[in-house]
Amino acid sequence: MALAYLSIPPSENTQDELAQLTTQISALQSSHDELARVMKNLRVRAARIQNSRAAVSRLPSDVLALIFEECRQTNPQWTGVLCLLGQLPMEVRLSHVSSQWRDVALSTPRLWSSIRFPFEHREDSLVEYLERSRGSLLDVYLGPWAKYPNLERTLTTVLMPHVGRFRQLVLEAVSRETLNTLLSAFQDQSAPALRRLRVMCRGTIVTPGPMTGASIFSKGAPLLTDVRLDNIPVIVPSAGITLLSFSAYPGPQFPMSREGFYRTLVACPLLTTLHLRGFIELGSQTPVYPVPLPQLRELVVNGRVLGNGLRLFDLISTPNLEVLILEDVKAHALAWIHRYIACSYPHAFQALRTIRYIRCDFGGADMDVHFLRATPSVSELVLSVDKHMRLIRLLNNSDKQAAVCGCSPMWPNLRTITLHTQGYAGSVTVGTGVPLNEPSLTMALLQDFIACRNMLGRPLETLLFKGHNATPFNNEFLWGLNQMKQFVPTEVDPWPMPGILADSGYTFDWAATAEAYSTQLRQFLSQVSAVRQQMVPVLPPNFNIQHLRRRIGVPT
């Protein structure tokens, strides 16, 4: 029966009814789609009207553009962290808020002028950023740079045509080969708008020996003034460079050759600031003569430069130096610097007004008074507190002789002294700073020095204490000074690291931001490599991380 029933063909009325129902369903579906479209348009229009009533929507577009630029500059040192967490760049997130904000963002070229390739911006987004920037000057970060053919092709075909718009350029390599690749790409280029240059080489470099530098921008970079390098000789033919800095990376196994150091400095005759924190070879196959730097005003020298016995002033001539900062310099190198300055009198160092000793070792021998005579213009002194305080002792003795003879002291213009108090372990004090026993020899020497300066009519304007124990040091010092009926204005900075960095010539600027970004990326890449090595023994041979990401819905 059932089979017979199924074999009965449908009647014509049933077929007509099905056709009518199908037609009605299609008509209703079309009406539904039309109503959905109309409702969507109405909602969009209502949302726009609602947004237009908000106070922020009444801001002029130029004011909103300025706010966007300030948002992009907020905490730039954390850009790498935000990128690693999968967050979109600030300018992209701002353009996704509303149609008005998107129009303002897309019509603000400066908002798209920061490029970080290849880690943060891939080739497609790189092209989009270059188009949206519309001729504005670019801040470009290339690296950490590994040797991949597509990266070199993108650098050559996409970025290099815009090198004339580069305002700031950071190059970071991970090996000798990638460093040579990056430098050779810019060798025969012209950078008419470039003002700041940073070259870094951070990574696992197996072969020791000097890093091979190169000449870049041979066709000119007339506006370039600020150059920060790792311990790599990079020759830039720009006479306008005023700041040149060498860092300690990539390490002591990779010293800079004296020839490379000489060639780099010769290309910068108008230097006003020179920071030396790297390593320089002691020997030289060819004679290297002192590079005259008559415009140099600030010189920072780390003990690494002098650790192998190198005599720095055999390589440079700085007759008009005003600020000399010495970091972690050992006793023998410090004694040689003092002797050289004393022997240069009266032809050099007469304008030296600031001397900063950061964690320097003065050794066991007393200092020579001729050093004080050779530097008569010193007005600011920075020292680390130790139990000997040999420079303060020398100053105090010379002041006492000046008081006996009725003449002016050796450093008559000395007005500011900063003392780093981390190494001080003097008398035990109670909460008010009153010592429980006699003041330490260091404290007594400082108090005697202040009293003698006051007696000579050359009082200090400021005595600044920096360090985690600066407050108790200041309390103990002032208690003893009050007992002597003397006075000097004092200031306390209890945060040792920022204070020492500032005294060492470090400033939080564009180079510090690039350094923080580089550190974040390298730490992330090393952690990813370590996790992969741990996962390899337990994963099947055909495992693909991209397939897993797509399966669980994580964007690639």
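It is worth spelling out the overall build of the protein at this point. When its secondary structure is counted, the protein shows 19 helices and 18 strands. Put simply, the protein has 556 residues, and 43% of those count as buried. Residue pairs in contact within the protein that sit at least 24 positions apart in sequence constitute 78% of those at least 6 positions apart.

Here the focus is the side chain of S133. Structurally, S133 can be placed in helix α7 (residues 123–133). Here S133 is in contact with P109, W112, L138 and R165, once residues within four sequence places are set aside.

On to the packing of helix α3 (residues 61–72) against helix α6 (residues 99–106). One can describe the packing of α3 onto α6 by two numbers: an axis separation of 10 Å at closest approach and a directional angle of 75°. Overall, the two elements α3 and α6 adopt an arrangement that is roughly perpendicular. Of α6, the residues touching α3 (which contributes S61, L64, A65 and F68) are Q100, W101, V104 and A105. Classifying every residue of the contact of α3 with α6 by side-chain character gives six nonpolar, two polar and no charged.

Evaluated as defined, the whole model comprises 14 aromatic pairs. Ring centres of F313 and Y340 lie 4.9 Å apart, and the angle between their planes is 5°; this geometry places the pair in the stacked category. Of this pair, F313 sits in the loop between α11 (303–306) and β12 (316–317) while Y340 sits in helix α12 (residues 331–343), and the two are 27 residues apart along the sequence. For F313, a relative accessible area of 4% puts it in the buried group.

Right, let's get into empty space enclosed by the protein. Summed over all chains, the structure comprises two cavities of 30 Å³ or more. The computed volume of the largest cavity comes to approximately 40 Å³. Around the largest cavity, the lining residues are I392, I417, L419, L446, F449, I450, L460 and L463. Mapped onto the lining of the largest cavity, the elements with two or more residues apiece are β16 (416–420) and α15 (441–456). When residues in the lining of the largest cavity are grouped by element, the largest group, three residues, is from α15.

In summary, soluble globular proteins display a tendency toward joint burial of nonpolar side chains. Counting 121 residues, the largest nonpolar core has L142, F186, L274, L299, Y357 and L381 as the members making the most contacts within it. Ignoring anything within four residues of it in the chain, the contact list for L274 reads L244, F246, L265, L293, L296, E298, L299, V300 and I316. M200, W510, A511 and A514 belong to the second-largest nonpolar core, a separate cluster that totals eight residues.

For the structure shown, the criterion picks out 19 salt bridges. Close ionic contact of R132 with E128 constitutes a salt bridge, the shortest N to O distance being 3.2 Å. Here the residue R132 and the residue E128 both occupy positions in helix α7, the gap between them amounting to four residues, near one helical turn. Here E128 falls in the partly exposed class, since its relative accessible area comes to 35%. Notably, a salt bridge pairs D230 with R202, separated by 2.8 Å at the nearest N-O pair. One end of the pair, D230, is in the loop between β6 (226–229) and β7 (234–235); the other, R202, is in the loop between β4 (196–201) and β5 (214–215), and 28 residues separate them in sequence. By relative accessible area, which is 0% here, D230 ends up buried. Residues joined in a network through salt bridges with shared partners are R198, R202, D230 and E515.

What follows deals with unusual backbone geometry. Following G143, the chain continues into P144 via a peptide bond in cis, with omega recorded as 0°. With respect to the helices, strands and loops of the structure, P144 is situated in strand β2 (residues 138–145). The residue after Y249, namely P250, is reached through a cis peptide bond having omega 5°. Residue placement: P250 occurs in the loop between β8 (243–246) and α10 (258–266). Even without a glycine there, the phi angle at F349 is positive, about 65°.

Moving on: the pairing of β2. Counting buried residues along β2, eight of its eight residues qualify, which places the element largely inside the surrounding structure. Across four bridges, strand β1 (residues 114–117) lies against β2 in parallel orientation. Opposite R116, over in β2, you have Y141 as the bridge partner. In this view, the connection linking β1 to its parallel neighbour β2 by way of α7 has right-handed handedness. In this sheet, strand β3 (residues 166–173) lies alongside β2 in parallel orientation, the contact comprising six bridges. Its bridge partner being in β3, L138 is matched across the sheet by F166.

Right, let's talk about the packing of helix α14 (residues 390–405) against α15 for a bit. Contact geometry of α14 with α15 gives a least axis separation of 10 Å together with a crossing angle of 35°. When the axes of α14 and α15 are compared, the crossing they make is left-handed. For the pair formed by α14 and α15, the contact residues are I392, R393, L395, N396, D399, K400, A402 and A403 on the first element and L445, L446, D448, F449, C452, R453, M455 and L456 on the second. Partitioning the contact of α14 with α15 into residue classes produces ten nonpolar, one polar and five charged.

Turning next to α15. For α15, spanning 16 residues, the distance from its first C-alpha to its last is 22 Å, which sits close to the expected 22 Å at 1.5 Å a residue. Remark: G457 follows α15 within two positions and exhibits a positive phi of approximately 80°.

What follows concerns the pairing of strand β14 (residues 354–358). A large share of β14 lies buried, amounting to five of its five residues. Taking every second residue as pointing to the same face, both faces of β14 are buried, with T354, R356 and I358 on one and I355 and Y357 on the other. In this structure, strand β13 (residues 323–327) lies alongside β14, joined through five bridges in parallel fashion. In the strand pairing of β14, I325 is matched with R356. You can see the chain leave β13, run along α12 and come back into β14, and the turn it takes is right-handed. For the handedness criterion, the β-α-β arrangement of β14, helix α13 (residues 369–374) and strand β15 (residues 380–384) is classed as right-handed.

Scoring rules and cut-offs
Residues numbered from 1 in each chain as written. Predicted model: local features only at pLDDT ≥ 70, side-chain atom pairs only at ≥ 80, totals over all residues. Heavy atoms only, no water. Helix = DSSP H or I, 4+ residues; strand = E, 2+ residues; numbered from the N terminus. Buried < 20%, exposed > 50% of the residue type's maximum accessible area, 1.4 Å probe, protein only. Contact = heavy atoms within 4.5 Å. Axes fitted to C-alpha atoms, helices over the stretch in contact; angles between N-to-C directions. Parallel < 35°, antiparallel > 145°, perpendicular 65-115°, else oblique. Nonpolar A, V, L, I, M, F, W, Y, C, P; charged D, E, K, R; others polar. Phe/Tyr/Trp six-rings, centres within 6.5 Å; stacked < 30°, edge-to-face > 60°. 1 Å grid on protein atoms, 1.4 Å probe; cavity = no way out; pocket = protein on both sides within 12 Å on 5 of 7 lines; lining within 4 Å. Points joined across faces, edges and corners; volume = space filled by probe spheres on them. Core = buried A, V, L, I, M, F, W, Y, C linked by side-chain atoms within 4.5 Å. Salt bridge = Lys/Arg side-chain N within 4 Å of Asp/Glu carboxyl O. Pairing = 2+ DSSP bridges. Right-handed = clockwise from strand over helix to strand, strands pointing away. Left-handed = near helix turned anticlockwise from the far one by under 90°. Expected span 1.5 Å × (residues − 1).

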